[in-house]
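Here are the chains, one letter per residue:
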Amino acid sequence: MSSPAQERRTGVQLLSAAMLLLSSGCSSMDVIMPNSMNALNGTTIKIPCTFTSCYKMDPNMFVMNWTYQETLNDTEEMIMAYHKKRGMVPLRSDRFGERVMFAGNLDKNDLSITLSNVQIEDEGIYNCNVRNPPDRITGQHGIQLNVVTELPPPRDSTIAVAIGASVGGALALLILSMLVVKCLRRHRKKELISEEKMEEEEKLDAEVVAEEGNKHKNSLPEDL
């Protein structure tokens, strides 16, 4: 039977462990991999899988396996499993033979695999299942592998650059043309204003001359 002092020490230790877990920001097991990917028929592809856990991996307690299924309704076939003495071990199957190999790094929580000489029949769901005690949660994530006979051509950035340059050049030319037209209109407007002023001045001069002539005519004596 434990003494009250021992019980208090145990309670403090549990509380400290709980506080440490909360302060670390770690909540649960999480398996990280894309939802789908494409593979070219006849090539070798890497199927990625990593995991995060609140605890460092213990080789004696760690549990992990890869499974394959054609669809979600089909039975899972195990194609690779972790062995505490031998590490990641590929499991031979009629479908894959020896084409599945481990390509990750257990020290970095990387559980990726490679699939060589991809065939159309390899299309399906690849599940990465992880358990890392004392974490009680089993992490699981599946990726849909699509096998294609040809990959879409990459986008040619030079075409986009050429199109952008052409559009930019045309836009600059248009702006320059508008500025030239605007300047010509402004210059023409000034010329019209100057011509109107000159016509008004000439008209005023003519009126002044006519008025002076009339005054001079009226000032002459009449002939007897």
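Structure: above.
Caption draft 1: How the structure looks around empty space enclosed by the protein. For the structure shown, the criterion picks out 1 cavity of 30 Å³ or more. Quantified by volume, the largest cavity comes out at close to 40 Å³. Along its surface, the largest cavity is lined by Ile 79, Pro 90, Leu 91, Ser 93, Phe 96, Gly 97, Arg 99 and Val 100. Taken together, the residues that form the lining of the largest cavity break down as 5 nonpolar, 2 polar and 1 charged.

Caption draft 2: Local environment of the sheet that holds strand β2 (residues 36-40). Read from one edge to the other, the open sheet built from 6 strands follows the order β2-β11-β10-β5-β6-β7, with strand pairing classed as mixed. With one partner strand each, in any of the chains shown, β2 and β7 (87-90) form the two edges of the open sheet. Strand-to-strand twist of the sheet, defined as the mean angle between neighbouring strand axes without regard to direction, takes the value 25 degrees.

Caption draft 3: Quick look at the pattern of salt bridges. By the definition in use, this model includes 3 salt bridges. The closest approach of N and O atoms between Glu 98 and Arg 92, which form a salt bridge, is 3.5 Å. Looking at Arg 92, the relative accessible area reads 67%, which means it is exposed. Here Asp 122 and Arg 99 are joined by a salt bridge, their closest N and O atoms 2.8 Å apart. One end of the pair, Asp 122, is in the loop between β9 (113-115) and β10 (124-131); the other, Arg 99, is in the loop between β7 and β8 (100-102), and 23 residues separate them in sequence.

Caption draft 4: Fine view of the packing of aromatic side chains. Under the counting rule described, the total for this entry stands at 5 aromatic pairs. Between Tyr 68 and Tyr 126, the ring centres sit 5.0 Å apart and the planes meet at 55 degrees, which makes this aromatic pair tilted. Taken together, the residues span a long stretch of sequence, with Tyr 68 in strand β5 (residues 63-69) and Tyr 126 in strand β10 at a distance of 58 residues. Taking the relative accessible area as the measure of exposure, Tyr 68 reaches 1% and is therefore buried.

Caption draft 5: Focus on the pairing of β7. Across 4 bridges, strand β6 (residues 77-83) lies against β7 in antiparallel orientation. Of the residues in β7, the one forming a bridge with Met 80 is Pro 90. Taking the residues that link successive antiparallel strands as the turn, the β6-β7 hairpin has 3 residues.

Caption draft 6: Just the sheet that holds β8, in detail. In spatial order, the strands read β3-β9-β8; together these 3 strands make up an open sheet with antiparallel pairing. Edge positions in the sheet fall to β3 (45-47) and β8, since each has one partner strand and no second. Each strand of the sheet is rotated relative to its neighbour by a mean of 30 degrees, with strand direction disregarded.

About the thresholds
Residues numbered from 1 in each chain as written. Predicted model: local features only at pLDDT ≥ 70, side-chain atom pairs only at ≥ 80, totals over all residues. Heavy atoms only, no water. 1 Å grid on protein atoms, 1.4 Å probe; cavity = no way out; pocket = protein on both sides within 12 Å on 5 of 7 lines; lining within 4 Å. Points joined across faces, edges and corners; volume = space filled by probe spheres on them. Nonpolar A, V, L, I, M, F, W, Y, C, P; charged D, E, K, R; others polar. Pairing = 2+ DSSP bridges. Helix = DSSP H or I, 4+ residues; strand = E, 2+ residues; numbered from the N terminus. Axes fitted to C-alpha atoms, helices over the stretch in contact; angles between N-to-C directions. Salt bridge = Lys/Arg side-chain N within 4 Å of Asp/Glu carboxyl O. Buried < 20%, exposed > 50% of the residue type's maximum accessible area, 1.4 Å probe, protein only. Phe/Tyr/Trp six-rings, centres within 6.5 Å; stacked < 30°, edge-to-face > 60°.

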